[in-house]
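Geometric and topological summary
Chain residues, written in single-letter form:
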Amino acid sequence: MTEPIRGTLDVILKQDSDNSPTCVYNEMVALRLAQRLGVPLAMGVPSVGDGGTYFASLTVGGLSINLPNITEKKMAAVAKRYPSDAAALFVFDVWVMNDDRTDNLKANLTPAVVHLVAGIDHEQTLLGTRGDMKDSLQALGNLEVPGRHPLREHVLEKLVAEWVKRIGALDDGTIDDAVVLGFSVSGVHERTQRKLADVLKTRRERIADLVVRACA
């Protein structure tokens, strides 16, 4: 048996704002969807404070290794060292319409052998793709895709196909369970959550086409 050691870990607290009115909901749901698929996103939990509901995202790295945000120039190195994770993030970003992956990825590219890669910051996905809930739902429903994704030129076609298949195999209940929380988060009420779930089901059915367009 091992004895637990008490310590502290850094978190980043995120809250809704005028510029990102659905930040907390987007962070929560993006993580819930990723967990059901096995897509590597930074862990986090909802939290309540004096300012309302927050999302507490665990800082990636921190204890013994400093991981800067991955720039576009470093994406090739990430895809080479973590080919399946890179493909997972690419296909996932196409599905949830994440056009903000550059500088929002952590990965160990040092000589240390530890496997550490995680996507961060998903407030501009899902209901935040266009800053406004209605416009974001419309963009998702119109089957729009991210612009020039920083990983698209570096991911392996075979692995992309595997992740396309994995997302395509998600059943309706799994998507509903991840997206419809059973309670409101700030201004994101159940009706909007259900609309988002329906749109994600449509995008799931078209995920192969969406990925092809994102690679064009």
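Residues numbered from 1 in each chain as written. Predicted model: local features only at pLDDT ≥ 70, side-chain atom pairs only at ≥ 80, totals over all residues. Heavy atoms only, no water.

**Considering helix H1 (residues 23-37)**
Every α-helix winds through 3.6 residues per turn, so residues three or four apart in the chain are directed the same way. Rules: A run of H or I in DSSP becomes a helix once it reaches four residues, and a run of E becomes a strand once it reaches two; helices and strands are each numbered from the N terminus. Expected helix span is taken as 1.5 Å per residue step, with the number of steps being one fewer than the number of residues. Type-normalised accessible area, obtained with a 1.4 Å probe on protein chains alone, sets the label of each residue: buried when under 20%, exposed when over 50%, and partly exposed for intermediate values.
Across its 15 residues, H1 extends 21 Å between first and last C-alpha, which sits within 8% of the 21 Å expected from 1.5 Å per residue. Among the 15 residues that make up H1, 12 are buried, leaving the element largely enclosed by the rest of the structure. When we look at burial in H1, the residues that qualify are Cys23, Val24, Tyr25, Asn26, Glu27, Met28, Val29, Ala30, Leu31, Leu33, Ala34 and Leu37. After H1 finishes, the residue Gly38 shows a positive phi value of roughly 90 degrees.

**Considering the packing of aromatic side chains**
Filter applied, for reference: Two rings from Phe, Tyr or Trp (for Trp, the six-membered ring) form a pair when their centres sit within 6.5 Å of each other. Planes less than 30 degrees apart are called stacked, planes more than 60 degrees apart edge-to-face, and all others tilted. Lysine NZ or arginine CZ positioned within 6 Å of the ring centre and within 35 degrees of the ring normal marks a charge as sitting over the ring.
Tallying each qualifying case throughout the model produces 1 aromatic pair. Where Phe92 meets Trp95, the ring centres are 6.4 Å apart and the plane angle is 70 degrees; that geometry is what we call edge-to-face. Here Trp95 and Phe92 lie together in helix H3 (residues 83-96), a separation of 3 residues that amounts to about one turn. A cation sits over an aromatic face here: Arg166 above Trp163, 4.0 Å from the ring centre.

**Some points on a nonpolar patch on the surface**
Note the threshold: Patches were defined on residues exceeding 30% relative accessible area and lacking a salt bridge, with like-charge contacts within 9 Å and nonpolar side-chain contacts (Val, Leu, Ile, Met, Phe, Trp, Tyr) within 5 Å. Per-residue accessibility takes into account occlusion by the displayed protein chains alone, with areas from the Shrake-Rupley method and a 1.4 Å probe. By definition here, a salt bridge exists when the distance from a side-chain nitrogen of Lys or Arg to a carboxyl oxygen of Asp or Glu is within 4 Å.
Where nonpolar side chains cluster on the molecular surface, the patch consists of Leu9, Val11, Leu13, Met43 and Leu58 and spans about 460 Å² of accessible area. Mapped onto the elements of the fold, Val11 is located in strand S1 (residues 11-15).

**Thoughts on the environment of Asn108**
If you trace the backbone, Asn108 turns up in the loop between strand S4 (105-107) and strand S5 (117-119). C-alpha of Asn108 to C-alpha of Gly61: the two residues are 47 residues apart in sequence and 8.3 Å apart in space.

**Quick look at empty space enclosed by the protein**
What counts here: A cavity here means a set of points on a 1 Å grid, drawn over the protein atoms and nothing else, where a 1.4 Å probe fits but cannot get out; a pocket is an open set with protein on both sides within 12 Å along at least five of seven lines, and a residue lines either one if it has an atom within 4 Å of a point. Grid points are joined across faces, edges and corners, and a volume is the space filled by probe spheres set on the points.
Counted under the stated rule, the structure contains 1 cavity of 30 Å³ or more. Here the largest cavity is characterised by a volume of approximately 50 Å³. Lining the largest cavity are Glu27, Leu31, Leu41, Ala42, Phe55, Ser57, Gly119, Ile120, Asp121 and His122. Within the residue set of the lining of the largest cavity, elements represented by two or more residues are H1 and strand S3 (52-58).

**Quick notes on unusual backbone geometry**
Here the phi dihedral of Met97 falls at roughly 60 degrees; this positive angle occurs in a residue that is not glycine. Given the relative accessible area of 2%, Met97 is considered buried. A positive phi angle is found at Ser186, which is not glycine, with a value near 55 degrees. Along the chain, the position of Ser186 falls in the loop between helix H6 (172-179) and helix H7 (190-205). Given the relative accessible area of 44%, Ser186 is considered partly exposed.

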